[in-house]
Amino acid sequence: MKKKLIAGNWKMNLTLNASIELTGNIVKNVPKKSIIETEVLICPTFIALSACSTLLKDSGIMLGAQNMSDKDDGAYTGEISASMLTAAGCEFVIIGHSERRKYFGETNQIVNSKSLKALTSGLKPIICVGETLQEREDEIYEAIVEKQISEGLAGISDEQMSDVTIAYEPVWAIGTGLNATPKQASDMHKFIRGLISGKYGSEIGNETRILYGGSVNAKNAGEILHAGGIDGALVGGAALKAEEFCTIISSATEK
Ligand code: 13P
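In this text, all values refer to a predicted model and were calculated from it rather than measured experimentally.

Novice: I would appreciate a short explanation of the sheet that holds strand β1 (residues 4-9) in the present structure.
Specialist: Think of a sheet as strands paired side by side through backbone hydrogen bonds, with each pair either parallel or antiparallel. A barrel is described by the order of its strands in space; here 8 strands give the closed sequence β1-β2-β3-β4-β5-β6-β7-β8, paired in parallel fashion. Within the sheet, the average angular offset between the axes of one strand and its neighbour, ignoring direction, is 25°. Across 2 bridges, strand β7 (residues 209-213) lies against strand β8 (residues 232-235) in parallel orientation. Residue pairing in the sheet places Y212 in a bridge with A233 of β8. Running at roughly 150° to β7, helix α9 (residues 182-200) makes contact with β5 (124-129), β6 (165-168) and β7 of the sheet.

Novice: Any chance you could explain helix α1 (residues 16-29) here in plain terms?
Specialist: Helical periodicity: at 3.6 residues per turn, an α-helix aligns residues three or four positions apart in one direction. With 14 residues, α1 ought to run about 20 Å at 1.5 Å a step, and its terminal C-alpha atoms sit 20 Å apart, in line with that. All buried positions along α1 are accounted for by S19, L22, T23 and I26. In an axial view of α1, the angular spread of the buried residues amounts to 100°, which keeps them on one side of the axis. Looking at α1, the residues exposed on the side facing more than 90 degrees away from the buried face are N17, E21 and K28. Summarising the contacts, the buried residues of α1 are in contact with β2 (38-43), α3 (49-56), β3 (61-65) and α12 (242-253).

Novice: Help me out: how do you make sense of unusual backbone geometry in this one?
Specialist: Trans peptide bonds make up the majority, and among non-glycine residues the majority have a negative phi. Positive phi, close to 50°, is recorded for K11, a residue that is not glycine. Assignment of secondary structure puts K11 in the loop between β1 and α1. Positive phi is not limited to glycine here, since E139 has a value of about 60°.

Novice: Explain the nonpolar core here, please?
Specialist: Within soluble globular proteins, side chains that are nonpolar generally end up buried alongside one another. Grouped together as the largest cluster of nonpolar side chains are 65 residues, with contacts concentrated most on L153 and I166. At 7 residues, the largest contribution of residues to this core is made by α9. Sequence-distant contacts of L153, defined by excluding residues within four places in its chain, comprise N112, I127, Q148, M161, V164, I166, I196, K199 and Y200. Ranked by size, the runner-up nonpolar core spans 12 residues in total, among them L5, M62, F92 and C128.

Novice: Just checking my understanding: could you explain the site of the ligand for this structure?
Specialist: Contacts to the ligand come from N9, K11, H97, E169, A173, I174, G175, G214, S215, L234, G236 and G237. A distance of 3.0 Å is found between an oxygen atom of the ligand and a side-chain nitrogen or oxygen belonging to N9. For the ligand, an oxygen atom lies 2.8 Å from a polar atom in the side chain of K11. Contact with the protein chains removes 94% of the 310 Å² of surface that the ligand exposes when unbound. Class assignment of the residues belonging to the shell around the ligand gives a composition of 3 nonpolar, 7 polar and 2 charged.

Novice: I would appreciate a short explanation of the pairing of β6 in the present structure.
Specialist: Side-chain positions along a regular strand alternate between the two faces of the sheet. What you see with β6 is no split at all: T165 and A167 on one side and I166 and Y168 on the other are buried throughout. Of the strand pairs in this sheet, β6 and β7 are connected by 4 bridges, and their pairing is parallel. Bridging from a neighbouring strand, T165 pairs with R209 of β7.

Novice: Sorry, what's going on with the pattern of salt bridges here?
Specialist: In a structure, side chains of opposite charge can pair up when their charged atoms sit close to one another. Going through the model one piece at a time under the given rule, you end up with 14 salt bridges. One salt bridge in this structure joins E39 and R209, with 3.2 Å as the shortest N-O distance. Taken together, the residues E39 in strand β2 and R209 in strand β7 connect sequence positions 170 residues apart. Residue class for E39 comes out partly exposed when judged on its relative accessible area of 25%. Look at R209 and you get buried, because its relative accessible area is 11%. A salt bridge links K114 to E106, with the nearest nitrogen and oxygen atoms 2.6 Å apart. Overall, K114 belongs to the buried group, its relative accessible area being 5%. Classification of E106 by relative accessible area gives buried; the value is 6%. Salt bridges linked by common partners bring K2, R193 and D231 together as one network.

What counts as what
Residues numbered from 1 in each chain as written. Predicted model: local features only at pLDDT ≥ 70, side-chain atom pairs only at ≥ 80, totals over all residues. Heavy atoms only, no water. Pairing = 2+ DSSP bridges. Helix = DSSP H or I, 4+ residues; strand = E, 2+ residues; numbered from the N terminus. Axes fitted to C-alpha atoms, helices over the stretch in contact; angles between N-to-C directions. Contact = heavy atoms within 4.5 Å. Expected span 1.5 Å × (residues − 1). Buried < 20%, exposed > 50% of the residue type's maximum accessible area, 1.4 Å probe, protein only. Arc of directions from axis to C-beta. Core = buried A, V, L, I, M, F, W, Y, C linked by side-chain atoms within 4.5 Å. Near = heavy atom within 4 Å. Polar contact = N/O pair within 3.5 Å; in protein donor to acceptor, adjacent residues only side chain to side chain. Areas by Shrake-Rupley, 256 points an atom, 1.4 Å probe, with all protein chains shown as cover. Nonpolar A, V, L, I, M, F, W, Y, C, P; charged D, E, K, R; others polar. Salt bridge = Lys/Arg side-chain N within 4 Å of Asp/Glu carboxyl O.

Next comes the structure, spelled out in structure tokens:
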């Protein structure tokens with residue numbers, strides 16, 4: 001049975017020292033039982049990755065980056081390559097977060113290209129999808145997510161799908177305190193799983209981990225994580241507080 005994954009996306013927050021402090025506090029406070037039953041991942045900023053990797057050694061907590069280039073090493077000023085991330089100790093990389101799509105112009109094609117590069121470089125992509133408030137109100141959210149999934153997963157093989165995680169993050173729920181209801185999230189997860197099953201067959205559809213993200217906190221994590229078909233959470237603001245993040249991790253195992 002697949003374990004739930006609780007991932008913290010620290011976004012552009014915390015200096016190196018603050019990242020080290022938070023990582024240390026998470027390692028110290030994470031419930032031992034939860035770390036066996038649940039997978040835990042933190043995604044600090046690039047400059048904190050190496051230091052955090054050292055602190056996470058033997059903790060059972062995994063490390064990921066928030067973005068990467070779809071290019072190999074070379075003359076791409078300001079970019080970070082997949083090989084740099086694996087060398088820094090990353091196992092995962094978040095791809096196509098809505099903030100990357102909105103502020104940095106990442107299209108489904110770029111998301112696809114980055115995801116393919118991650119997979120061929122030994123990194124597991126967490127591919128983010130989700131609709132804006134306008135798209136939900138216009139009732140085109142399923143079509144938007146369908147396009148993000150079909151274009152984002154183009155060319156990814158059956159075999160590679162075992163390393164792919166999808167994160168459904170409705171844009172209107174990110175950083176707003178407005179989370180999707182457990183039913184809204186569960187319905188969208190079912191829809192996304194149907195799309196993956198349609199493309200890859202039901203075995204891969206059932207096995208693919210689909211996370212929910214958007215204003216997950218210590219209070220609402222339990223009901224969201226136990227709504228049907230939700231395999232974990234991608235947590236933003238609440239992942240910046242060790243105690244709250246650890247409470248969310250515990251909620252993944254409590255029934
Ligand atoms: P918040 O949990 O702060 O809403 O952010 C969610 C998110 O964007 C995680 O990637």
